[in-house]
Amino acid sequence: MEPTTLGIIGIFVMLALLMTRMPVAYVMTLVGFGGFSMLISLKGGMNLLSRSFYDTFSSYSLSTIPLFILMGQLAFNSGISRRLYSTAYHFLGHIQGGLAMATVAACTAFGSVCGSSPATAATMATVGIPEMKRYGYSNSLAAGSVASGGGLGMIMPPSIVLIVYGILTEQSIGELFMAGILPSVVLTILFIIAIAIVCGRDPSLGPKGENFPLSAKLKSLMGLLDTIAVFALVIGGMFFGFFTPNESAAVGVLGILTLGIIKRQLTWQAFVNSLYETLRTSVMVLFLVAGALIFGKFLAVTRIPFNVAAWTASFDLHPLIIVSMILVVYFIGGCIMDALALIMLTIPVFYPVITTLGFDPIWFGVIIVLVTQIGVITPPVGINVYVVYGMAQKFAPDITLEDIFKGTMPFLLAILVGIILFAIFPQIILYLPQAMY
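Just so it is clear, the structure is predicted and the values come from calculations on it, not from any experiment. Note that residues are indexed from 1 along each chain, following the sequence as it is written. Predicted model: local features are reported for residues with pLDDT of at least 70 only, side-chain atom pairs are reported and counted for 80 or more only, and whole-chain, interface and lining totals are derived from all residues. With hydrogens and water excluded, all non-hydrogen atoms of the structure serve as input to the side-chain values.

Asks: Where do I start with the environment of tyrosine 389 in this structure?
Replies: Of note, tyrosine 389 is situated in helix α19 (residues 383-392). Linking tyrosine 389 and leucine 18, residues 371 residues apart in sequence, is a C-alpha distance of 25 Å. Contacts are assigned to residue pairs that have any heavy atoms within 4.5 Å of one another. When near neighbours in sequence (up to four residues on either side) are disregarded, tyrosine 389 contacts Ile399, Thr400, Leu401 and Ile404. Numbering goes from the N terminus for both helices and strands, where a helix is a DSSP run of H or I of at least four residues and a strand is a run of E of at least two.

Asks: Explain the packing of helix α18 (residues 361-375) against helix α20 (residues 401-424) here, please?
Replies: For any two helices packed against each other, the geometry comes down to the angle between their axes and how far apart the axes lie. All axes here are fitted lines through C-alpha atoms, helices being fitted over the stretch that makes contact, and every angle between N-to-C directions spans 0 to 180 degrees. Put simply, α18 and α20 touch, their axes get as near as 10 Å, and they point 165° apart. In terms of orientation, α18 and α20 fall into the roughly antiparallel class. In the packing of α18 onto α20, the handedness of the crossing is left-handed. Contacts from Trp363, Ile367, Leu370, Val371, Gln373 and Ile374 of α18 reach α20 at Leu412, Ile415, Leu416, Ile419, Phe422 and Ala423. Any residue outside Ala, Val, Leu, Ile, Met, Phe, Trp, Tyr, Cys, Pro, Asp, Glu, Lys and Arg is labelled polar, Gly included; the first ten of those are nonpolar and the last four are charged. Taken together, the residues of the contact of α18 with α20 sort by class into 11 nonpolar, one polar and no charged. Orientation labels follow simple angle bins: below 35 degrees gives roughly parallel, above 145 gives roughly antiparallel, 65 to 115 gives roughly perpendicular, and whatever is left gives oblique. Each crossing gets its handedness from the near helix: less than a right angle anticlockwise from the far helix is left-handed, clockwise is right-handed.

Asks: What is the right way to read the packing of aromatic side chains from this model?
Replies: Two aromatic rings are characterised by how far apart their centres lie and by the angle between their planes. Here a Phe, Tyr or Trp ring, Trp counted by its six-membered ring, pairs with any other such ring whose centre lies within 6.5 Å, and the pair is stacked when the planes are under 30 degrees apart, edge-to-face when over 60, and tilted otherwise. Scanning the entire structure with this criterion turns up nine aromatic pairs. For the pair tyrosine 26 and phenylalanine 287, a centre-to-centre distance of 6.4 Å together with 80° between the ring planes defines the contact as edge-to-face. Of this pair, tyrosine 26 sits in helix α2 (residues 24-39) while phenylalanine 287 sits in helix α14 (residues 268-302), placing them 261 residues apart in sequence. Given a relative accessible area of 47%, tyrosine 26 falls into the partly exposed group. For the exposure calls, accessible area comes from a 1.4 Å probe over protein chains only, and a residue counts as buried if that area is under 20% of its type's maximum, exposed if over 50%, partly exposed in between.

Asks: How do you make sense of the nonpolar core when you look at a structure like this?
Replies: Proteins that are soluble and globular tend to have nonpolar side chains buried together. Ranked by internal contacts, the top residues of the largest apolar core, which has 133 residues, are Ile129, Phe177, Tyr330 and Phe364. Ranked by residues supplied to this core, first place goes to helix α17 (residues 339-357) with 13 residues. Excluding residues that lie within four positions of it along the chain, tyrosine 330 makes contacts with Leu342, Ile343, Thr346, Ile347, Phe350, Phe364, Ile368, Val371 and Thr372. In these notes, a set of buried Ala, Val, Leu, Ile, Met, Phe, Trp, Tyr and Cys residues joined through side-chain atoms within 4.5 Å is what counts as a nonpolar core. Counting five residues, the second largest nonpolar core, distinct from the first, contains Phe36, Leu48, Phe53 and Ala290.

Asks: What exactly am I supposed to notice about helix α4 (residues 64-77) here?
Replies: Because an α-helix completes one turn every 3.6 residues, residues spaced three or four positions apart along the sequence face the same direction. Under the 1.5 Å per step criterion, the end-to-end length of α4 is 20 Å for 14 residues, consistent within 8% with the ideal 20 Å. The buried fraction of α4 is high, at 10 of 14 residues. Along α4, the positions that sit buried rather than exposed are Thr64, Ile65, Phe68, Ile69, Leu70, Met71, Gly72, Gln73, Leu74 and Ala75. Downstream of α4 by one or two residues, glycine 79 has phi in the positive range, about 85°. Expected helix span is computed as 1.5 Å times (number of residues minus one).

And the structure:
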């Protein structure tokens, strides 16, 4: 059978298996192994299977993933999220919708030591929703701001999605991290503007909270010291060449662990729970990476990615129109599939297209993460929405899924505005990487 034909059949088989809700990692591994074996040989397929899994789980560069995940787990169990929220609340709580603004700001700050969107949403749900409910905030704004703000963890360094994208495309993880800083700040501002507009139209959605004196506000800044110290140590050390990404991740874990022990805020049970969650999440991500590598090798043999790139380049269309079409695919895919899995499935196909069209791969990596960020708060997958819903049932059982999805609508519009801004002004993304490297 012709390789391209077999590749197309393999893609349809993969889509059919995904509809059965079979884990994405298993689907990519099975289809990739089967297709490669048919095109090359069974021995070649077995060799690809064993080498890919061994290389993935023994990879030094991939050790950044479990280390950054562990850093986020230790930060959560050390109470850093509560201190971040307290600081943001002291400064923004007295404004109309200020608690929701404080939640978004705290999500951005916590994302800088976490790197995971669902983890950020789950963490801030336990801190922010009870406070907003206590001050009479609507269910939709309270839960919607947490679910949407949690998505900022996907783009704020150290983003797990950006790490995986960098490994798959052989791009600098340091440059990708640097590229994610300004977009995450811009999105945070857009989210705060969206909250101000919503509450301006209907003040009952987000009543004003307590107005603290200046002395209390300044004192609350102490809650930021932990995050600033760890962020400066990890990201600053890496960007200025003191550490490699792997070393900076290890330094971050040590920093969070030391702070938790010194402040007596990390119990033995919390430490064990952090290790367990890190192991579970890391294995899931590494299985996805291994499966994506196997599936990517199969596609490379079929030459589908290169044919698609050549076919796309042959169109007499402006490159931005082609990129827009690709982003629509990511938008739709992000609504029905986990963002990390989607990126690993599609990068082997779309990355050659982007490089052929002459776009910067660092810019493209940040843009597709932003587009798939929409998927974490839209049905039917909407993983952040379901995470927040599950957490909210413990202390606010009257919050429904409909409330949360309704509450995310203003933030979806803010993300779309952000994507348009970054497409028109790519230097927002590229300025820091180009200035630092």
